[in-house]
Amino acid sequence: MWLLMVNGLVYLALGLATGRFRRKLLPITPAGVISDARAALTGRMSHDDLTRYNYVQKLLYAGIILVGIVIVLSGLSIWKPVQLQWLTAMFGGYDVARYVHFICMSAIVAFLIVHVALAVLVPKSLRAMVIGR
């Protein structure tokens, strides 16, 4: 838990301070997401420039950042529900915080499975992730 939290805080701080989130993840438009999802599902997605995220990637990467924040907060609220009563109350109580935590954990696992599967389907993206080019 602490490793995830510290790593996440450093990632968020650097992403916000350097403007990387703004550059890489914005804008996200519904029309762009629908268009790119349709292209991906029909096998027409272009993978020419791996340095630019498509709209579906932007949405999923921004979403997983939010899921990471929520899983840490829900984890804190179920770890210390008495000391962090206000946080546990924000989730609607201890039991709801547990459900939120479990749903976030499931979302992270699903994201990882899809992420790895798609990286395997586009071999040059896997190579770029490993060697950084």
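Since the model is a prediction, treat every value here as computed from it, not as a measurement. One numbering rule holds for all chains: residues counted from 1, following each sequence as written. pLDDT decides what is reported in this predicted model: residues at 70 or higher carry local features, side-chain atom pairs at 80 or more are listed and counted, and totals for whole chains, interfaces and linings draw on all residues regardless. Derived side-chain values reflect all non-hydrogen atoms in the structure, with water molecules and hydrogen atoms excluded from consideration.

Quick notes on the overall build of the protein
In terms of regular secondary structure, the protein is built from seven helices and zero strands. In sequence order, the secondary structure elements of the protein are arranged as α-α-α-α-α-α-α. Once the C-alpha set of the protein is aligned to its principal axes, its extents read approximately 50 × 30 × 25 Å. When accessible area is computed with a 1.4 Å probe and restricted to protein chains, residues below 20% of their type maximum are described as buried, those above 50% as exposed, and intermediate ones as partly exposed. Sorting the 133 residues of the protein into buried and exposed places 23% on the buried side. Contacts are assigned to residue pairs that have any heavy atoms within 4.5 Å of one another. Across the protein, contacts joining residues at least 24 apart in sequence account for 57% of those joining residues at least 6 apart. Carbon together with sulfur atoms contributes 70% to the accessible area of the protein, which is approximately 9,500 Å² in total. Under the convention used here, Asp and Glu are negative, Lys and Arg are positive, and both His and the chain ends fall outside the count. For charged residues, the charge sits on one atom: NZ in Lys, CZ in Arg, CG in Asp, CD in Glu. Taking the 13 positively charged and 4 negatively charged side chains of the protein as two groups, their mean positions are separated by 6 Å. Put simply, DSSP H or I for four residues or longer makes a helix, DSSP E for two residues or longer makes a strand, and each gets a number counted from the N terminus. Areas reported here follow the Shrake-Rupley algorithm with a probe of radius 1.4 Å; residue values treat only the protein chains shown as occluding.

Some remarks on the side chain of Ser77
For Ser77, the location among the structural elements is in helix 4 (residues 55–79). Among the residues examined, Ser77 registers a relative accessible area of 0% and is labelled buried. In this structure the side chain of Ser77 is engaged in a polar contact, spanning 2.8 Å, whose partner is the backbone oxygen of Ser74. Beyond its immediate stretch of four places on either side in the chain, Ser77 contacts Leu87, Thr88, Phe91, Tyr94 and Ala97. Polar contacts, as used here, are pairs of N or O atoms within 3.5 Å; protein pairs need one atom able to donate a hydrogen and one able to accept it. Residues neighboring in sequence count only if both atoms are side-chain atoms.

Remarks on the nonpolar core
Proteins that are soluble and globular tend to have nonpolar side chains buried together. Nine residue types can take part in a nonpolar core, namely buried Ala, Val, Leu, Ile, Met, Phe, Trp, Tyr and Cys, and a core is a set of them joined through side-chain atoms within 4.5 Å. Within the largest apolar cluster, nine residues are counted, these being Met5, Val67, Ile71, Val72, Leu76, Leu87, Phe91, Ala97 and Cys104. Elements that contribute at least two residues to this core include exactly helix 4 and helix 6 (94–121). In terms of residue count, helix 4 provides more of this core than any other element does, four residues in total. Ile71 has contacts with Leu4, His101, Cys104, Met105 and Ile108, leaving out every residue within four places of it along the chain. Core analysis: the second largest hydrophobic core is formed by five residues, Phe21, Leu25, Ile65 and Phe111 among them.

A few points about the confidence of the model for the protein
A low pLDDT score tells you not to read the predicted coordinates there in detail. What pLDDT expresses is the predictor's confidence in each residue, scored from 0 to 100. Mean pLDDT over the protein stands at 92; residues scoring 70 or higher make up 99%. The least confident element of the protein is helix 7 (residues 123–131), whose mean pLDDT is 78; the most confident is helix 5 (residues 85–90), at 97.

Quick word on the packing of helix 6 against helix 7
Where helices are involved, their axes are fitted lines through C-alpha atoms of the stretch in contact, as for all axes, and angles between N-to-C directions lie from 0 to 180°. Look at helix 6 against helix 7: their axes get within 5 Å of each other, and the N-to-C directions meet at 110 degrees. By the angle between their directions, the pair helix 6 and helix 7 is classed as roughly perpendicular. Within the contact between the two elements, helix 6 uses His115, Leu118, Ala119, Val120 and Leu121 and helix 7 uses Pro123, Ser125, Leu126 and Met129. In this classification, Asp, Glu, Lys and Arg are treated as charged, Ala, Val, Leu, Ile, Met, Phe, Trp, Tyr, Cys and Pro as nonpolar, and every other residue, Gly included, as polar. For the contact of helix 6 with helix 7, a count of residues per class yields seven nonpolar, two polar and no charged. The scheme is simple: roughly parallel for angles under 35 degrees, roughly antiparallel for over 145, roughly perpendicular for 65 to 115, oblique for anything else.

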